[in-house]
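Understanding the architecture of this molecule
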Amino acid sequence: MVRIEDYTPIVGSTEIDSIRELTEHVKGAKVVHINATPFGGGVAEILNCIVPLAKSVGIDAIWQTIKGETDFFLTTKKIHNALQGDNTVELTEDMMRVYLGTNRSNASQLDLDGEVVVIHDPQPLPLIEGGREGKWVWRCHIDTSSPNTKVWSLINGYIKKYDAVIFSLERYVPRDLSKMRVLIDYPTIDPLSAKNAPLSTGEIQKVLDRYDVDPDRPIVGQVARFDPWKNPLGAIDVYRRVKEKIPNLQLLMIGSFANDDLDGVEWHKKAVKYAGSDRDVHILTNLDGVLNKEVNAFQRSLSVALQLSIREGFGLTVTEALWKGVPVVGTKAGGITLQVIDGVTGYLVESLEKAAESTELLIRRPWLARELGHAGMQHVRLNFLITKGLKNYLRMHIELVGK
Ligand code: UDP
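First things first, this report covers the structure right here in the doc. (Residues numbered from 1 in each chain as written. Predicted model: local features only at pLDDT ≥ 70, side-chain atom pairs only at ≥ 80, totals over all residues. Heavy atoms only, no water.)

**Examining unusual backbone geometry**
So the rule is basically this: Numbering of helices and strands runs from the N terminus, with a helix taken as a DSSP run of H or I at least four residues long and a strand as a DSSP run of E at least two residues long. When a residue's accessible area, from a 1.4 Å probe over protein chains only, is under 20% of the maximum for its type it is buried; when over 50% it is exposed; and in between it is partly exposed.
Despite not being glycine, D121 has its phi angle at roughly 65°, a positive value. In this fold, D121 is placed in the loop between β3 (116-120) and β4 (135-139). Although it is not a glycine, D212 adopts a positive phi angle of roughly 65°. For D212, a relative accessible area of 59% puts it in the exposed group.

Structure, rendered in C-alpha coordinates:
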(Lines give C-alpha, C1' and ligand atoms only; values in the text may rest on other atoms or scores of the structure.)
Protein backbone atom coordinates (compact mmCIF):
# COMPACT_ATOMS: atom_id res chain seq x y z
CA MET A 1 0.00 0.00 0.00
CA VAL A 2 1.20 3.46 -0.93
CA ARG A 3 2.28 5.82 1.89
CA ILE A 4 3.06 9.50 1.57
CA GLU A 5 6.31 9.15 3.56
CA ASP A 6 7.68 6.83 0.87
CA TYR A 7 8.12 9.89 -1.32
CA THR A 8 10.45 11.65 1.14
CA PRO A 9 13.70 10.46 -0.50
CA ILE A 10 12.49 11.84 -3.84
CA VAL A 11 10.97 15.21 -2.90
CA GLY A 12 12.33 15.92 0.58
CA SER A 13 10.72 16.09 4.01
CA THR A 14 9.63 19.75 3.77
CA GLU A 15 7.32 18.89 0.87
CA ILE A 16 5.89 15.89 2.73
CA ASP A 17 5.34 17.99 5.87
CA SER A 18 3.47 20.62 3.89
CA ILE A 19 1.21 17.90 2.42
CA ARG A 20 0.52 16.55 5.90
CA GLU A 21 -0.42 20.02 7.08
CA LEU A 22 -2.94 20.39 4.26
CA THR A 23 -4.48 16.99 4.93
CA GLU A 24 -5.48 18.12 8.41
CA HIS A 25 -8.18 20.30 6.79
CA VAL A 26 -9.74 17.59 4.66
CA LYS A 27 -9.52 14.34 6.61
CA GLY A 28 -12.49 12.05 5.95
CA ALA A 29 -13.92 14.14 3.10
CA LYS A 30 -15.54 12.09 0.38
CA VAL A 31 -14.32 12.86 -3.13
CA VAL A 32 -15.90 11.02 -6.04
CA HIS A 33 -14.11 10.72 -9.40
CA ILE A 34 -15.87 9.62 -12.57
CA ASN A 35 -14.25 8.97 -15.94
CA ALA A 36 -14.82 6.70 -18.91
CA THR A 37 -12.18 3.99 -18.71
CA PRO A 38 -10.27 2.18 -15.98
CA PHE A 39 -7.30 1.60 -18.30
CA GLY A 40 -5.48 3.24 -21.20
CA GLY A 41 -4.63 6.88 -21.59
CA GLY A 42 -3.58 9.65 -19.29
CA VAL A 43 -6.75 10.09 -17.23
CA ALA A 44 -6.80 6.46 -16.08
CA GLU A 45 -3.08 6.76 -15.34
CA ILE A 46 -3.61 9.84 -13.16
CA LEU A 47 -6.57 8.35 -11.29
CA ASN A 48 -4.79 5.07 -10.74
CA CYS A 49 -2.12 6.95 -8.85
CA ILE A 50 -3.86 9.88 -7.17
CA VAL A 51 -6.86 7.98 -5.75
CA PRO A 52 -4.83 5.52 -3.60
CA LEU A 53 -2.50 8.32 -2.53
CA ALA A 54 -5.41 10.57 -1.53
CA LYS A 55 -6.87 7.66 0.44
CA SER A 56 -3.54 7.12 2.16
CA VAL A 57 -3.68 10.66 3.59
CA GLY A 58 -7.21 10.23 4.91
CA ILE A 59 -9.48 11.33 2.06
CA ASP A 60 -12.38 9.04 1.26
CA ALA A 61 -11.59 9.07 -2.47
CA ILE A 62 -13.54 6.81 -4.78
CA TRP A 63 -13.23 6.25 -8.52
CA GLN A 64 -15.95 4.90 -10.79
CA THR A 65 -16.24 4.63 -14.56
CA ILE A 66 -19.36 5.13 -16.64
CA LYS A 67 -20.64 2.23 -18.70
CA GLY A 68 -21.85 2.54 -22.25
CA GLU A 69 -22.45 0.70 -25.50
CA THR A 70 -20.39 1.11 -28.67
CA ASP A 71 -22.60 3.90 -30.05
CA PHE A 72 -22.04 5.89 -26.85
CA PHE A 73 -18.25 5.66 -27.11
CA LEU A 74 -18.33 6.40 -30.85
CA THR A 75 -20.26 9.55 -30.02
CA THR A 76 -18.00 10.60 -27.15
CA LYS A 77 -14.91 10.07 -29.32
CA LYS A 78 -16.49 12.45 -31.83
CA ILE A 79 -17.10 14.95 -29.06
CA HIS A 80 -13.49 14.54 -27.92
CA ASN A 81 -12.22 15.17 -31.45
CA ALA A 82 -14.54 18.14 -31.88
CA LEU A 83 -13.37 19.73 -28.64
CA GLN A 84 -9.78 19.33 -29.83
CA GLY A 85 -10.69 21.33 -32.93
CA ASP A 86 -11.98 18.85 -35.53
CA ASN A 87 -14.48 21.00 -37.43
CA THR A 88 -15.72 18.14 -39.59
CA VAL A 89 -17.56 16.54 -36.66
CA GLU A 90 -21.34 16.85 -36.61
CA LEU A 91 -23.43 15.59 -33.73
CA THR A 92 -26.81 14.33 -34.86
CA GLU A 93 -29.91 14.32 -32.66
CA ASP A 94 -29.56 10.55 -32.38
CA MET A 95 -26.01 10.88 -31.11
CA MET A 96 -27.06 13.45 -28.53
CA ARG A 97 -29.89 11.15 -27.45
CA VAL A 98 -27.41 8.28 -26.90
CA TYR A 99 -24.95 10.60 -25.12
CA LEU A 100 -27.53 12.00 -22.72
CA GLY A 101 -29.47 8.75 -22.31
CA THR A 102 -26.36 6.77 -21.34
CA ASN A 103 -25.42 9.43 -18.84
CA ARG A 104 -28.92 9.38 -17.36
CA SER A 105 -28.88 5.63 -16.88
CA ASN A 106 -25.39 5.82 -15.36
CA ALA A 107 -26.51 8.57 -12.99
CA SER A 108 -28.88 6.14 -11.30
CA GLN A 109 -26.20 3.45 -10.91
CA LEU A 110 -23.26 5.54 -9.71
CA ASP A 111 -22.49 6.83 -6.24
CA LEU A 112 -22.47 10.59 -6.86
CA ASP A 113 -22.85 11.51 -3.27
CA GLY A 114 -19.51 13.23 -2.59
CA GLU A 115 -18.51 16.39 -0.82
CA VAL A 116 -16.69 17.02 -4.10
CA VAL A 117 -17.52 15.21 -7.35
CA VAL A 118 -14.88 15.42 -10.07
CA ILE A 119 -16.07 14.54 -13.56
CA HIS A 120 -13.24 13.87 -16.02
CA ASP A 121 -13.53 14.79 -19.70
CA PRO A 122 -16.64 14.98 -21.88
CA GLN A 123 -17.94 11.40 -21.66
CA PRO A 124 -19.59 11.73 -18.21
CA LEU A 125 -20.07 15.53 -18.40
CA PRO A 126 -23.93 15.46 -18.48
CA LEU A 127 -24.09 13.45 -15.24
CA ILE A 128 -24.61 16.78 -13.53
CA GLU A 129 -28.06 16.99 -15.09
CA GLY A 130 -29.74 14.66 -12.63
CA GLY A 131 -29.67 16.84 -9.51
CA ARG A 132 -26.83 16.83 -7.05
CA GLU A 133 -25.29 17.50 -3.71
CA GLY A 134 -21.77 18.63 -3.00
CA LYS A 135 -19.48 20.67 -5.23
CA TRP A 136 -19.12 19.51 -8.80
CA VAL A 137 -15.96 20.05 -10.79
CA TRP A 138 -15.43 19.34 -14.48
CA ARG A 139 -11.81 18.32 -15.07
CA CYS A 140 -10.98 18.71 -18.75
CA HIS A 141 -7.81 16.91 -19.86
CA ILE A 142 -7.92 17.87 -23.53
CA ASP A 143 -6.94 20.89 -25.57
CA THR A 144 -10.11 22.96 -25.88
CA SER A 145 -8.42 26.14 -27.07
CA SER A 146 -10.25 26.14 -30.42
CA PRO A 147 -13.18 23.76 -30.24
CA ASN A 148 -15.64 22.98 -33.02
CA THR A 149 -18.13 25.74 -32.26
CA LYS A 150 -21.27 23.77 -33.17
CA VAL A 151 -20.38 20.88 -30.87
CA TRP A 152 -19.20 23.26 -28.18
CA SER A 153 -22.56 25.03 -28.20
CA LEU A 154 -24.31 21.68 -27.66
CA ILE A 155 -22.34 20.81 -24.55
CA ASN A 156 -21.20 24.03 -22.92
CA GLY A 157 -24.54 24.42 -21.13
CA TYR A 158 -23.67 21.35 -19.06
CA ILE A 159 -20.23 22.71 -18.22
CA LYS A 160 -21.76 25.94 -16.94
CA LYS A 161 -23.78 24.02 -14.38
CA TYR A 162 -20.57 23.03 -12.59
CA ASP A 163 -19.12 24.84 -9.57
CA ALA A 164 -15.65 24.89 -11.08
CA VAL A 165 -13.66 23.73 -14.08
CA ILE A 166 -10.07 22.57 -14.21
CA PHE A 167 -7.86 22.69 -17.30
CA SER A 168 -4.29 21.52 -17.86
CA LEU A 169 -3.16 24.81 -19.42
CA GLU A 170 -4.37 28.40 -19.13
CA ARG A 171 -4.80 28.76 -22.86
CA TYR A 172 -7.20 25.79 -23.01
CA VAL A 173 -9.88 27.73 -21.15
CA PRO A 174 -12.62 28.63 -23.66
CA ARG A 175 -13.53 32.30 -23.45
CA ASP A 176 -17.17 31.77 -22.60
CA LEU A 177 -16.20 29.99 -19.40
CA SER A 178 -14.22 32.92 -18.08
CA LYS A 179 -16.95 33.83 -15.57
CA MET A 180 -16.71 30.40 -13.96
CA ARG A 181 -14.33 29.41 -11.23
CA VAL A 182 -11.38 28.18 -13.30
CA LEU A 183 -8.43 26.29 -11.92
CA ILE A 184 -5.27 25.25 -13.74
CA ASP A 185 -3.64 22.01 -12.75
CA TYR A 186 -0.73 20.29 -14.47
CA PRO A 187 -1.03 16.52 -14.55
CA THR A 188 1.68 14.64 -12.67
CA ILE A 189 3.26 11.19 -12.57
CA ASP A 190 3.89 8.82 -9.72
CA PRO A 191 7.62 8.05 -9.43
CA LEU A 192 6.85 4.94 -7.36
CA SER A 193 4.26 3.38 -9.68
CA ALA A 194 5.05 0.28 -11.75
CA LYS A 195 5.21 2.61 -14.75
CA ASN A 196 7.93 4.81 -13.29
CA ALA A 197 9.71 3.07 -10.41
CA PRO A 198 13.41 2.28 -10.89
CA LEU A 199 14.18 -0.96 -12.73
CA SER A 200 17.41 -2.91 -12.73
CA THR A 201 19.32 -3.22 -16.00
CA GLY A 202 18.60 -6.97 -15.84
CA GLU A 203 14.86 -6.34 -15.75
CA ILE A 204 15.07 -3.94 -18.70
CA GLN A 205 17.14 -6.42 -20.65
CA LYS A 206 14.62 -9.19 -19.97
CA VAL A 207 11.78 -7.13 -21.41
CA LEU A 208 13.81 -6.26 -24.52
CA ASP A 209 14.70 -9.93 -25.00
CA ARG A 210 11.11 -11.00 -24.59
CA TYR A 211 10.03 -8.77 -27.47
CA ASP A 212 13.10 -9.38 -29.60
CA VAL A 213 14.44 -5.84 -29.37
CA ASP A 214 18.23 -5.65 -29.67
CA PRO A 215 19.72 -3.92 -26.60
CA ASP A 216 23.00 -3.28 -28.44
CA ARG A 217 21.51 -1.06 -31.11
CA PRO A 218 19.98 2.41 -30.74
CA ILE A 219 16.23 2.56 -30.10
CA VAL A 220 13.82 5.45 -30.58
CA GLY A 221 10.20 5.19 -29.62
CA GLN A 222 6.82 6.74 -29.17
CA VAL A 223 4.46 5.61 -26.42
CA ALA A 224 0.93 6.73 -27.29
CA ARG A 225 -2.55 5.51 -27.94
CA PHE A 226 -3.10 4.72 -31.63
CA ASP A 227 -4.88 7.92 -32.46
CA PRO A 228 -4.47 10.32 -35.39
CA TRP A 229 -3.76 13.24 -33.01
CA LYS A 230 -0.70 11.33 -31.73
CA ASN A 231 0.64 11.06 -35.29
CA PRO A 232 1.81 7.43 -35.22
CA LEU A 233 2.62 7.47 -38.94
CA GLY A 234 4.75 10.56 -38.37
CA ALA A 235 6.79 8.62 -35.84
CA ILE A 236 7.47 5.97 -38.49
CA ASP A 237 8.46 8.68 -40.97
CA VAL A 238 10.93 10.18 -38.52
CA TYR A 239 12.43 6.77 -37.81
CA ARG A 240 12.83 6.13 -41.55
CA ARG A 241 14.61 9.42 -42.10
CA VAL A 242 17.01 8.75 -39.24
CA LYS A 243 17.53 5.15 -40.33
CA GLU A 244 18.91 6.39 -43.64
CA LYS A 245 21.77 7.88 -41.62
CA ILE A 246 21.91 5.35 -38.78
CA PRO A 247 21.04 2.00 -40.41
CA ASN A 248 21.02 -0.09 -37.24
CA LEU A 249 18.26 2.03 -35.65
CA GLN A 250 15.16 0.39 -34.16
CA LEU A 251 11.70 1.88 -33.56
CA LEU A 252 9.36 1.01 -30.71
CA MET A 253 5.74 2.05 -30.99
CA ILE A 254 3.90 1.25 -27.81
CA GLY A 255 0.18 1.81 -27.61
CA SER A 256 -2.76 0.58 -25.63
CA PHE A 257 -6.41 0.15 -26.42
CA ALA A 258 -8.60 2.10 -24.03
CA ASN A 259 -12.25 1.02 -23.64
CA ASP A 260 -13.51 4.42 -24.69
CA ASP A 261 -11.21 4.78 -27.69
CA LEU A 262 -12.75 2.86 -30.55
CA ASP A 263 -10.48 4.40 -33.22
CA GLY A 264 -7.51 2.62 -31.62
CA VAL A 265 -7.94 -0.65 -33.51
CA GLU A 266 -8.19 1.08 -36.87
CA TRP A 267 -5.13 3.29 -36.25
CA HIS A 268 -3.13 0.37 -34.95
CA LYS A 269 -3.85 -1.43 -38.25
CA LYS A 270 -2.83 1.64 -40.21
CA ALA A 271 0.47 1.86 -38.32
CA VAL A 272 1.22 -1.86 -38.85
CA LYS A 273 0.46 -1.53 -42.55
CA TYR A 274 2.54 1.64 -42.88
CA ALA A 275 5.51 0.02 -41.13
CA GLY A 276 5.42 -2.80 -43.68
CA SER A 277 7.91 -5.62 -43.35
CA ASP A 278 10.64 -3.69 -41.50
CA ARG A 279 11.75 -6.05 -38.74
CA ASP A 280 13.30 -3.17 -36.80
CA VAL A 281 9.90 -1.59 -36.21
CA HIS A 282 8.21 -3.08 -33.14
CA ILE A 283 4.56 -2.15 -32.76
CA LEU A 284 3.34 -3.48 -29.43
CA THR A 285 0.25 -3.09 -27.29
CA ASN A 286 -1.32 -4.20 -24.04
CA LEU A 287 -2.67 -7.17 -26.01
CA ASP A 288 0.96 -8.30 -26.44
CA GLY A 289 1.39 -8.13 -22.67
CA VAL A 290 2.96 -4.67 -22.68
CA LEU A 291 1.67 -3.32 -19.38
CA ASN A 292 3.08 -0.79 -16.93
CA LYS A 293 6.34 -2.56 -16.16
CA GLU A 294 7.03 -3.27 -19.82
CA VAL A 295 6.29 0.35 -20.78
CA ASN A 296 8.66 1.40 -17.99
CA ALA A 297 11.43 -0.88 -19.30
CA PHE A 298 10.93 0.20 -22.91
CA GLN A 299 10.99 3.88 -21.99
CA ARG A 300 14.27 3.32 -20.12
CA SER A 301 15.80 1.61 -23.15
CA LEU A 302 15.25 4.55 -25.50
CA SER A 303 18.04 6.75 -26.80
CA VAL A 304 15.40 9.33 -27.67
CA ALA A 305 11.67 9.45 -26.94
CA LEU A 306 9.47 10.86 -29.69
CA GLN A 307 6.17 12.65 -29.09
CA LEU A 308 4.99 13.95 -32.42
CA SER A 309 1.40 14.79 -31.51
CA ILE A 310 -0.63 17.16 -33.66
CA ARG A 311 -2.76 18.05 -30.64
CA GLU A 312 -1.94 17.06 -27.08
CA GLY A 313 -3.67 17.68 -23.76
CA PHE A 314 -0.62 17.40 -21.58
CA GLY A 315 1.41 14.40 -22.67
CA LEU A 316 2.17 12.27 -19.63
CA THR A 317 4.29 10.04 -21.84
CA VAL A 318 6.69 12.98 -22.15
CA THR A 319 6.80 13.37 -18.37
CA GLU A 320 7.46 9.65 -18.00
CA ALA A 321 10.33 9.64 -20.49
CA LEU A 322 11.96 12.74 -18.99
CA TRP A 323 11.68 11.27 -15.50
CA LYS A 324 13.70 8.31 -16.77
CA GLY A 325 16.44 10.60 -18.02
CA VAL A 326 15.49 10.16 -21.67
CA PRO A 327 15.50 13.34 -23.80
CA VAL A 328 12.33 13.99 -25.80
CA VAL A 329 11.94 15.24 -29.34
CA GLY A 330 8.43 16.63 -29.38
CA THR A 331 6.13 18.82 -31.40
CA LYS A 332 4.96 22.22 -30.18
CA ALA A 333 1.61 20.82 -29.11
CA GLY A 334 -0.17 21.48 -25.83
CA GLY A 335 1.57 20.37 -22.67
CA ILE A 336 4.60 19.07 -24.57
CA THR A 337 5.80 22.68 -24.71
CA LEU A 338 5.77 22.92 -20.91
CA GLN A 339 7.91 19.86 -20.56
CA VAL A 340 10.30 19.90 -23.46
CA ILE A 341 12.44 22.97 -23.01
CA ASP A 342 14.13 23.35 -26.34
CA GLY A 343 17.83 22.51 -26.09
CA VAL A 344 17.52 21.85 -22.35
CA THR A 345 15.33 18.76 -21.82
CA GLY A 346 14.98 17.81 -25.49
CA TYR A 347 14.04 19.51 -28.74
CA LEU A 348 10.79 21.14 -29.78
CA VAL A 349 10.26 20.74 -33.49
CA GLU A 350 7.90 22.09 -36.11
CA SER A 351 8.39 19.45 -38.78
CA LEU A 352 9.16 15.78 -39.11
CA GLU A 353 12.37 16.75 -40.91
CA LYS A 354 13.52 18.74 -37.85
CA ALA A 355 12.43 15.88 -35.61
CA ALA A 356 14.64 13.51 -37.59
CA GLU A 357 17.60 15.93 -37.43
CA SER A 358 17.28 16.35 -33.66
CA THR A 359 16.84 12.63 -33.11
CA GLU A 360 19.93 11.85 -35.17
CA LEU A 361 21.94 14.44 -33.26
CA LEU A 362 20.97 12.92 -29.90
CA ILE A 363 21.83 9.40 -31.02
CA ARG A 364 25.22 10.50 -32.34
CA ARG A 365 26.02 12.44 -29.18
CA PRO A 366 25.23 10.28 -26.16
CA TRP A 367 26.85 12.88 -23.87
CA LEU A 368 24.37 15.48 -25.09
CA ALA A 369 21.45 13.08 -24.67
CA ARG A 370 22.65 12.39 -21.13
CA GLU A 371 22.82 16.11 -20.26
CA LEU A 372 19.34 16.80 -21.64
CA GLY A 373 17.94 13.68 -20.01
CA HIS A 374 19.35 14.72 -16.66
CA ALA A 375 17.86 18.21 -16.99
CA GLY A 376 14.54 16.59 -17.94
CA MET A 377 14.54 14.53 -14.79
CA GLN A 378 15.14 17.62 -12.66
CA HIS A 379 12.39 19.49 -14.49
CA VAL A 380 9.93 16.70 -13.69
CA ARG A 381 11.12 16.45 -10.09
CA LEU A 382 10.39 20.13 -9.54
CA ASN A 383 7.14 20.41 -11.44
CA PHE A 384 5.36 17.23 -12.42
CA LEU A 385 5.50 14.68 -9.62
CA ILE A 386 2.41 13.35 -7.89
CA THR A 387 3.29 14.98 -4.56
CA LYS A 388 2.71 18.32 -6.26
CA GLY A 389 -0.46 16.91 -7.83
CA LEU A 390 -1.69 15.84 -4.40
CA LYS A 391 -1.00 19.27 -2.93
CA ASN A 392 -3.04 20.92 -5.68
CA TYR A 393 -5.77 18.35 -5.14
CA LEU A 394 -5.95 19.14 -1.44
CA ARG A 395 -5.87 22.88 -2.05
CA MET A 396 -8.64 22.60 -4.61
CA HIS A 397 -10.72 20.72 -2.10
CA ILE A 398 -10.13 23.29 0.62
CA GLU A 399 -10.93 26.15 -1.75
CA LEU A 400 -14.14 24.58 -3.01
CA VAL A 401 -15.50 23.37 0.24
CA GLY A 402 -14.20 26.35 2.15
CA LYS A 403 -12.45 24.59 5.00
N1 UDP B 1 0.17 4.26 -21.96
C2 UDP B 1 0.35 2.95 -21.56
N3 UDP B 1 0.52 2.00 -22.48
C4 UDP B 1 0.56 2.29 -23.78
C5 UDP B 1 0.38 3.64 -24.21
C6 UDP B 1 0.18 4.60 -23.24
O7 UDP B 1 0.35 2.64 -20.36
O8 UDP B 1 0.73 1.38 -24.56
C9 UDP B 1 0.02 5.28 -20.92
C10 UDP B 1 1.22 6.19 -20.90
O11 UDP B 1 2.30 5.58 -20.24
C12 UDP B 1 0.64 7.41 -20.20
C13 UDP B 1 -0.81 7.43 -20.69
O14 UDP B 1 -1.08 6.10 -21.15
O15 UDP B 1 0.68 7.24 -18.82
C16 UDP B 1 -1.01 8.39 -21.84
O17 UDP B 1 -1.15 9.68 -21.31
P18 UDP B 1 -0.95 10.97 -22.22
O19 UDP B 1 -1.22 12.14 -21.36
O20 UDP B 1 0.41 10.93 -22.86
O21 UDP B 1 -2.00 10.83 -23.40
P22 UDP B 1 -3.57 10.54 -23.49
O23 UDP B 1 -3.68 9.09 -23.84
O24 UDP B 1 -4.19 10.88 -22.18
O25 UDP B 1 -4.02 11.39 -24.61
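**Observations regarding the packing of aromatic side chains**
Test applied: Put simply, two rings from Phe, Tyr or Trp (the six-membered ring, in Trp's case) pair if the centres are within 6.5 Å, and we call them stacked under 30 degrees between planes, edge-to-face over 60, tilted for the rest. Distance and angle both matter: a charge sits over a ring if NZ of Lys or CZ of Arg is within 6 Å of the ring centre and within 35 degrees of the ring normal.
The tally for this structure, following the rule as stated, stands at nine aromatic pairs. Aromatic side chains F72 and Y99 sit 6.4 Å apart centroid to centroid with 25° between the ring planes, which places their arrangement in the stacked category. Of this pair, F72 sits in helix α4 (residues 70-83) while Y99 sits in helix α5 (residues 93-109), and the two are 27 residues apart along the sequence. Each member of the pair, F72 together with Y99, is buried. Measuring from centroid to centroid gives 6.3 Å for W138 and F167, while their planes differ by 90°, and the two rings are edge-to-face. With a gap of 29 residues between them, W138 in strand β4 and F167 in strand β5 (residues 164-167) connect regions that are remote in the sequence. Taken individually, W138 and F167 each receive the classification buried, so the pair is uniform in this respect. In textbook terms, an aromatic cluster arises when at least three aromatic residues are bridged by ring pairs, as seen for F72, F73 and Y99. Its guanidinium or amino end placed over the ring of W267, K270 lies 4.1 Å from that ring's centre, counting from NZ or CZ.

**Here we look at the site of the ligand**
Basically, it comes down to this: Whether a residue is near a molecule or strand depends on its heavy atoms: if one lies within 4 Å, it is near. For the purposes of these results, a polar contact is taken to be a pair of N or O atoms within 3.5 Å, where, inside protein, one atom must be able to donate a hydrogen and its partner to accept one; residues adjacent in sequence count only when each atom of the pair is a side-chain atom. Residue-level accessible areas treat just the shown protein chains as cover; the underlying method is Shrake-Rupley with a 1.4 Å probe. Charged means Asp, Glu, Lys or Arg here, nonpolar means Ala, Val, Leu, Ile, Met, Phe, Trp, Tyr, Cys or Pro, and polar covers whatever is left, Gly included.
Around the ligand sit 16 residues in total, of which G42, R225, K230, G255 and E320 are the nearest. The contact in question runs from an oxygen atom of the ligand to an N or O atom on the backbone of G255, over 3.1 Å. One of the backbone N or O atoms of T317 is found 3.2 Å from an oxygen atom in the ligand. In the complex, 90% of the free accessible area of the ligand, which totals 540 Å², lies under the protein chains. Residue contributions to the shell around the ligand peak at three residues, all from helix α11 (residues 316-323). Here the shell around the ligand is built from residues that sort into four nonpolar, six polar and six charged.

**Brief notes about the pairing of β5**
Convention followed: Any two strands are treated as partners once DSSP identifies two or more bridges connecting them. With the strands aimed away from the viewer, a crossover counts as right-handed if its path from the first strand over the helix to the second runs clockwise.
Of the two faces of β5, the one carrying A164 and I166 and the one carrying V165 and F167 are both buried. As paired elements, β4 and β5 share three bridges and run parallel to each other. Across the sheet, R139 pairs through a bridge with I166, a residue of β5. Between the parallel elements β4 and β5, the chain passes through helix α6 (residues 149-159) in a crossover that is right-handed. The sheet contact formed by β5 and strand β6 (residues 182-184) spans three bridges and is parallel. Counted as the bridge partner of F167 is I184 from β6.

**Considering empty space enclosed by the protein**
So the rule is basically this: As defined here, a cavity is a set of points on a 1 Å grid over the protein atoms alone where a 1.4 Å probe fits but cannot get out. A pocket is an open set with protein on both sides within 12 Å along at least five of seven lines, and residues line them when an atom is within 4 Å of a point. Grid points are joined across faces, edges and corners, and a volume is the space filled by probe spheres set on the points.
Counted according to the given criterion, the structure contains two cavities of 30 Å³ or more. Contributing to the lining of the largest cavity are G221, Q222, V223, Q299, L302, A305, L306, Q307, T317, V318, A321 and V328. Put simply, the parts of the chain that give the lining of the largest cavity at least two residues each are β7 (219-223), β10 (304-307) and α11. Looking at side-chain class alone, the lining of the largest cavity contains seven nonpolar, five polar and no charged residues. Lining the second largest cavity we find Q222, A224, R225, F226, K230, P232 and M253.

**A closer look at the sheet that holds strand β9 (residues 281-285)**
Put simply, the test is: Angles here are taken between N-to-C directions and fall from 0 to 180 degrees, while the axes themselves are lines fitted to C-alpha atoms, restricted in helices to the stretch in contact.
Sheet architecture is open: six strands sit in the order β9-β8-β7-β10-β11-β12, paired in parallel fashion. Lying at the two open borders of the sheet, with one neighbouring strand each, are β9 and β12 (346-349). Averaged over all adjacent pairs, the angle separating strand axes in this sheet is 20°, with direction ignored. Two strands pair when backbone bridges link them, and strand β11 (residues 328-331) and β12 are joined in this way by four bridges, in the parallel orientation. Directly across from T331, in β12, lies its bridge partner V349.

**With respect to the nonpolar core**
Stated precisely, the cut-off is as follows: Definition used in this section: a nonpolar core is a set of buried Ala, Val, Leu, Ile, Met, Phe, Trp, Tyr and Cys residues joined via side-chain atoms within 4.5 Å. Throughout, a contact is declared for two residues whenever any of their heavy atoms are within 4.5 Å.
Counting 65 residues, the largest nonpolar core has F298 and L390 as its most contacted members. Broken down by element, this core gets its largest block of residues, eight residues, from helix α3 (residues 42-56). Excluding its chain neighbours within four sequence positions, the residues that come into contact with F298 are V207, L208, Y211, V213, L252, I254, L284 and V290. Formed by 38 residues, the second largest nonpolar core is a distinct cluster that contains L110, Y158, V165 and L177.

**Observations regarding the sheet that holds β4**
Reading across from one edge, β2-β1-β3-β4-β5-β6 is the order of the six strands in this open sheet, with parallel pairing throughout. For this open sheet the edge positions go to β2 (60-65) and β6, each flanked by a neighbour on one side alone. Each adjacent strand pair in this sheet contributes to an overall mean axis angle of 20°, direction not counted. Packed onto the sheet, α3 meets β1 (30-35), β2 and β3 and runs at close to 155° relative to β2.

**Focus on the layout of surface pockets**
Roughly 350 Å³ of internal volume is contained in the second largest pocket. Around the second largest pocket, the lining comprises 22 residues; the ones closest to its centre are I166, D185, G389, N392 and Y393. By residue number, the principal contributor to the lining of the second largest pocket is helix α15 (residues 386-401), which donates seven residues.

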